[in-house]
Amino acid sequence: MKSNIVGRIAQIVPTMLLVSVLVFCLQQLMPGDPAMVLAGEERGDPRVLAQIRAELWLDRSLPLQYFHWIGNVLHGDLGFSWHIRQPVAALVMQKLPVTLQLGGMAFLIAVAIGVPSGIVAAVYRNRFWDYVANAVGLAGLSTPNFWLGIMMILLFSVNLGWLPPSGFVPLQEDWHQSLATTIMPAFVLGNAIAAVLMRHTRSAMLSALDQDYIRTARAKGLSNWHVLTRHALRNALMPVVTLGALELGALLSGAVLTEQVFSIPGFGKMTVDAVFNRDFPVVQGVVLVTAFLFVMLNLAADLLYVVINPRLRRS
Amino acid sequence: MSARHPGVLVARRFLRRPIAVVGLAVIVLFVAGAVFAPLVAPYDPVATSWSAIRKAPSWAHWMGTDENGRDVLSRVIYGARASMLAGVISVMIAAGIGVPAGVLSGFAGGWTDALLSRVTDAILACPSLILAIALAAFLGPNLTNAMIAIGVSTAPRFMRVARAATLEVASLDYIDAARTVGTTPFRVAVRHILPNIVPPVLVQGTLAIAAAIIAEASLSFLGLGQQPPDPSWGSMLNAAHRFLSQAPWLAVFPGLAIFLCVLSFNLVGDGLRDALDPRAQ
């Protein structure tokens, strides 16, 4: 088992290396000369342009530029924001907790809706509640989360006046206000993931309920509740754990739009602002950090899978 | 075409699913609306009117008018063009990159497979919308670049599907037979493998169109897709966001159009999957 875990961790290195090449290549797609953008009013002065190019290593060959950049990244230096004039790593560390709080809440909501409705759909297969769960799941998958956000603002903020339409209060500052500002965006963000979790839980439960050990458990006279929770669900949840981690990537993507709709000053909003300010080091930093988070979450899911599956522990 | 032709059997199985047929009918309506927009739309979608600013839905303007006095129904109809175009073209780009790469990876094996699989892992490690936003940002904000960005970020999914299907097909006896009689690897891949991996790629394609329509709407909502004054459902929602309390209808109709269109593609994708592989139900 140890060698499997070590092997899995070792796989991360080439993946992240290729991600870094990809992120570095993004900069090469940028039209025009970055030095001209940075020079601003002084773009006509060749000495200023030469100085900027030398500072940013833009006057070196591409492989040298890459090695210089990746060396800095490995030392925690993601570059310098062209617009805000701050280190990208500091900006990321400042905004990430906001998105993590939102994402954490969204994931809890997704699990709280997706897993039980998947179980109900499987238990009542081809009956009324199965059709309802499937229809709601498909609708959830087909609803763009920014539109759902706008519709929720319209209903709960504009018409009913129950919740604030925008803004963010950190949990440690005022938990009541924090919940009020994040409940709508977290629901919006968790909605599509809940739909995916529902579909997969249903399919995994149907597969588990069809196994011989379930028939044996029922033949022993165990109650339906006991069979479902102790035997079927425990096995059905294993693929759902892996899927949950994969969906966290979708959660990071969704946060970009949700934070924009609800004006939440997080990672996603920083990305959109950076795009419009043509602040490319920030965009590069965001892609690199989200990819790293995604890879790490996948690794955590794989390790958790080993922990909760006794057969894998023994192999 | 005989009644036992696989295509006819799949079509029959598909047509037995009413919900998928309804989805297909809605898609046909959207496509027809997009193609014949000049004939169907009651007004010019970019014509502004000072006297018709933010008018609620009425007999004259069924979906109301926007902040510049433009007819929302006409803009929703014309907006279907951007969404359908983005859905189809970006999926064609994704399939054009992903399917050949997947077939090559699955058929060649060894180092080629290892390298292509790691590149796929690397692209998949970047959340697709964030990658699409970054690509659209670096390439410049317009519909063409948005389609390229969505296509490139979707390509690894096609690569995975095509690779898995190739591995399955390549292990069948008729491929061994083709190799034994001296058929070149290229010919085996193009004539014998490619046609047999169409079903899973087709299902992936249909579901990917749904995802691409949402992605285009998302990029346009952020201002990275279709640029004003040309209508697109995403950019209409962006404008509507600013007038929620004064003109809520601006946010309702473009969003409903995205929802119906994406739902229909998802229904057709599910129906196709069931029709192509009845065991998977």
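Just so it is clear, the structure is predicted and the values come from calculations on it, not from any experiment. (Residues numbered from 1 in each chain as written. Chains lettered and ligands numbered in written order. Predicted model: local features only at pLDDT ≥ 70, side-chain atom pairs only at ≥ 80, totals over all residues. Heavy atoms only, no water.)

### Remarks on the overall build of chain A
Our working rule: Counting from the N terminus, the helices are the DSSP runs of H or I reaching at least four residues and the strands are the DSSP runs of E reaching at least two. Working definition: with a 1.4 Å probe on protein chains only, accessible area under 20% of the residue-type maximum means buried, over 50% means exposed, and in between means partly exposed. What makes two residues a contact is simply this: any of their non-hydrogen atoms within 4.5 Å.
Per the secondary structure count, chain A includes 13 helices and zero strands. Starting at the N terminus and walking to the C terminus, you meet the elements of chain A as α-α-α-α-α-α-α-α-α-α-α-α-α. Among the 315 residues that make up chain A, the fraction classed as buried is 46%. When contacts within chain A are restricted to residue pairs at least 6 apart in sequence, those whose partners lie at least 24 apart make up 71%.

### Some details on the interface of chain B and chain A
Quick reminder of the rule: Accessible area that two parts lose when put together, evaluated with a 1.4 Å probe and summed over both, is termed the buried area. A pair is scored as a salt bridge if a Lys or Arg side-chain nitrogen falls within 4 Å of a carboxyl oxygen belonging to Asp or Glu. As used in this structure description, the phrase polar contact means that two N or O atoms lie within 3.5 Å; if the pair is within protein, one of them must be able to donate a hydrogen and the other to accept it, and residues adjacent in sequence are counted only when both atoms belong to side chains. Under the convention adopted here, Pro, Cys and the residues Ala, Val, Leu, Ile, Met, Phe, Trp and Tyr are nonpolar, Asp, Glu, Lys and Arg are charged, and Gly plus all remaining residues are polar.
Counting from both sides, the interface comprises 42 residues of chain B and, opposite them, 43 residues of chain A. Area buried by chain B at its contact with chain A is led by I130, F138 and L222 of chain B, which between them contribute 20% of it. Run the count over chain B and chain A and you get one salt bridge. For D270 of chain B, the salt bridge is made with R199 of chain A, and the minimal N-O distance between the two is 2.7 Å. Seen at the junction of chain B and chain A, the total is four residue pairs in polar contact (both at pLDDT 80 or more). Every element with two or more residues in the side of chain B that touches chain A is listed here: α5 (110-125), α6 (128-139), α10 (198-221), α11 (233-241) and α12 (249-276) of chain B. By residue number, the principal contributor to the side of chain B that touches chain A is α12 of chain B, which donates eleven residues. Among the residues making up the side of chain B that touches chain A, the classes are represented as 32 nonpolar, seven polar and three charged.

### What to know about the pattern of salt bridges
Residue and element names in this part refer to chain B. Per the counting criterion, the structure on display carries 14 salt bridges over all chains. Across the pair R17 and D274 runs a salt bridge whose closest N-O atoms are separated by 4.0 Å. Here R17, found in the loop between α1 (6-15) and α2 (18-35), pairs with D274, found in helix α12; they are 257 residues apart in sequence, far enough to count as distant. Where R70 meets D66, a salt bridge forms, and the shortest distance between an N and an O atom there is 2.9 Å. There is no split in this pair, since R70 and D66 are both buried. Each of the salt bridges in this network shares a partner with another, and the network as a whole consists of D66, E67, R70 and R75.

### Description of a nonpolar patch on the surface
Residue and element names in this part refer to chain B. Put simply, the rule reads: Patches in this entry comprise residues that are over 30% relatively accessible and not in a salt bridge; like charges within 9 Å are linked, as are nonpolar side chains (Val, Leu, Ile, Met, Phe, Trp, Tyr) within 5 Å. Surface accessibility follows the Shrake-Rupley procedure with a 1.4 Å probe radius. Residue values consider only the protein chains on display as shielding.
A cluster of nonpolar side chains, namely V31, V35, F36, L39 and V40, defines an oily patch on the protein surface of about 480 Å² accessible area. At the level of elements, α2 and α3 (37-40) are the ones that each hand at least two residues to the nonpolar patch. If you trace the backbone, V31 turns up in helix α2. You can call V31 partly exposed: its relative accessible area is 37%.

### Quick notes on the domain arrangement of chain A
Interface size is commonly expressed as the accessible area that is lost once the parts come together. Keep this limit in mind: Delimitation of the domains relies on an automatic or database domain assignment.
The domain boundaries assigned to chain A delineate domain 1 (32-77) and domain 2 (89-314). Using only C-alpha atoms to locate each centre, domain 1 of chain A and domain 2 of chain A end up separated by 40 Å.

### Details of the packing of aromatic side chains
Rule in force here: Pairing of aromatic rings covers Phe, Tyr and Trp, the last counted by its six-membered ring, and requires centre-to-centre distances within 6.5 Å; plane angles under 30 degrees mean stacked, over 60 mean edge-to-face, and any other angle means tilted. Counted as over-ring charges are cases with an Arg CZ or a Lys NZ within 6 Å of the ring centre that also lie within 35 degrees of the ring normal.
One pass over the structure, following the stated rule, counts ten aromatic pairs over all chains. Ring centres of W82 of chain A and F280 of chain A lie 6.0 Å apart, and the angle between their planes is 85°; this geometry places the pair in the edge-to-face category. Separated by 198 residues along the polypeptide, W82 of chain A in the loop between α4 (62-74) and α5 (88-123) and F280 of chain A in helix α12 (residues 280-308) bring together distant segments of the chain. Assigned by exposure class, W82 of chain A and F280 of chain A land together as buried. Arranged with centres 6.5 Å apart and planes meeting at 35°, the rings of W147 of chain A and F259 of chain B form a pair that is tilted. Placement of W147 of chain A in helix α7 (residues 145-159) and of F259 of chain B in helix α12 is noted, with the two residues assigned to different chains. The same class applies to W147 of chain A and to F259 of chain B, which are both buried. Aromatic ring contacts, followed pair by pair, group F24, Y66, F67 and W69 of chain A into a single cluster. Cation over ring: R60 of chain A sits above W57 of chain A, and NZ or CZ is 4.3 Å from the ring centre.

### Description of helix α8 (residues 175-209) of chain A
Turn by turn, an α-helix covers 3.6 residues, leaving residues three or four places apart pointing in a common direction. What counts, and what does not: A helix's residues, less one, multiplied by 1.5 Å, set its expected span. A residue's bend is the angle separating two fitted axes: one through the seven residues that end there, the other through the seven that start there.
Under the 1.5 Å per step criterion, the end-to-end length of α8 of chain A is only 41 Å for 35 residues, more than 12% shorter than the ideal 51 Å. At T182 of chain A, α8 of chain A shows its strongest bend, of approximately 40°, with the proline P185 of chain A following within four residues.

### Structural notes on the layout of surface pockets
Residue and element names in this part refer to chain A. Heads up, the rule is: Site definitions follow a grid-based scheme: protein atoms alone, a 1 Å grid, a 1.4 Å probe that fits but cannot get out for cavities, and for pockets an open set with protein on both sides within 12 Å along at least five of seven lines, plus lining residues having an atom within 4 Å of a point. Grid points are joined across faces, edges and corners, and a volume is the space filled by probe spheres set on the points.
There is about 610 Å³ of room inside the second largest pocket. As for the second largest pocket, its lining consists of 25 residues, of which L56, G79, F80, W82 and P281 are closest to the centre. Secondary structure elements with two or more residues in the lining of the second largest pocket: α1 (2-29), α3 (46-55), α4 and α12. Counted by class, the lining of the second largest pocket contains 14 nonpolar, eight polar and three charged residues. Taken domain by domain, the makeup of the lining of the second largest pocket includes at least three residues from each of domain 1 (32-77) and domain 2 (89-314).

### Structural notes on the nonpolar core
Filter applied, for reference: To define a nonpolar core, start from buried Ala, Val, Leu, Ile, Met, Phe, Trp, Tyr and Cys residues and group those joined through side-chain atoms within 4.5 Å.
Within the largest apolar cluster, 176 residues are counted, with the highest numbers of intra-cluster contacts made by V19 of chain A together with I193, I197 and W233 of chain B. Of the domains in this structure, domain 1 (32-77) and domain 2 (89-314) of chain A are the two that each give at least three residues to this core. Those residues within four positions of W233 of chain B in sequence are excluded, and the remaining contacts are F30, V76, G79, A80, S83, P254, A257, I258 and C261 of chain B.

### Quick look at the side chain of D130 of chain A
Residues and elements named next belong to chain A. You can see D130 is positioned in helix α6 (residues 128-142). Under the relative-accessibility criterion, D130 is labelled buried at 0%. Separated by 2.8 Å, the side chains of D130 and R202 make a polar contact.

### Points about unusual backbone geometry
In this model, P228 of chain B is joined to P229 of chain B through a cis peptide bond whose omega is 10°. Considering the arrangement of structural elements, one finds P229 of chain B in the loop between α10 and α11. For N126 of chain A, which is not glycine, the phi dihedral falls at a positive 60°. With respect to the helices and strands, N126 of chain A occurs in the loop between α5 and α6. What makes N126 of chain A partly exposed here is its relative accessible area of 49%.

### Thoughts on the packing of α10 of chain B against α12 of chain B
Residues and elements named next belong to chain B. Inclusion rule: With axes taken as lines fitted to C-alpha atoms, and helix axes fitted only over the stretch in contact, angles between N-to-C directions fall between 0 and 180 degrees. The labels follow the angle: roughly parallel below 35 degrees, roughly antiparallel above 145, roughly perpendicular from 65 to 115, and oblique for the rest.
One can describe the packing of α10 onto α12 by two numbers: an axis separation of 9 Å at closest approach and a directional angle of 170°. In terms of orientation, α10 and α12 fall into the roughly antiparallel class. Between α10, through P199, L202, V203, T206, L207, I209, A210, I213, I214 and A217, and α12, the contact on the second element is made entirely by I258, C261, V262, F265, N266, V268, G269, D270, L272, R273 and L276. The residue inventory of the contact of α10 with α12, partitioned by class, reads 16 nonpolar, three polar and two charged.

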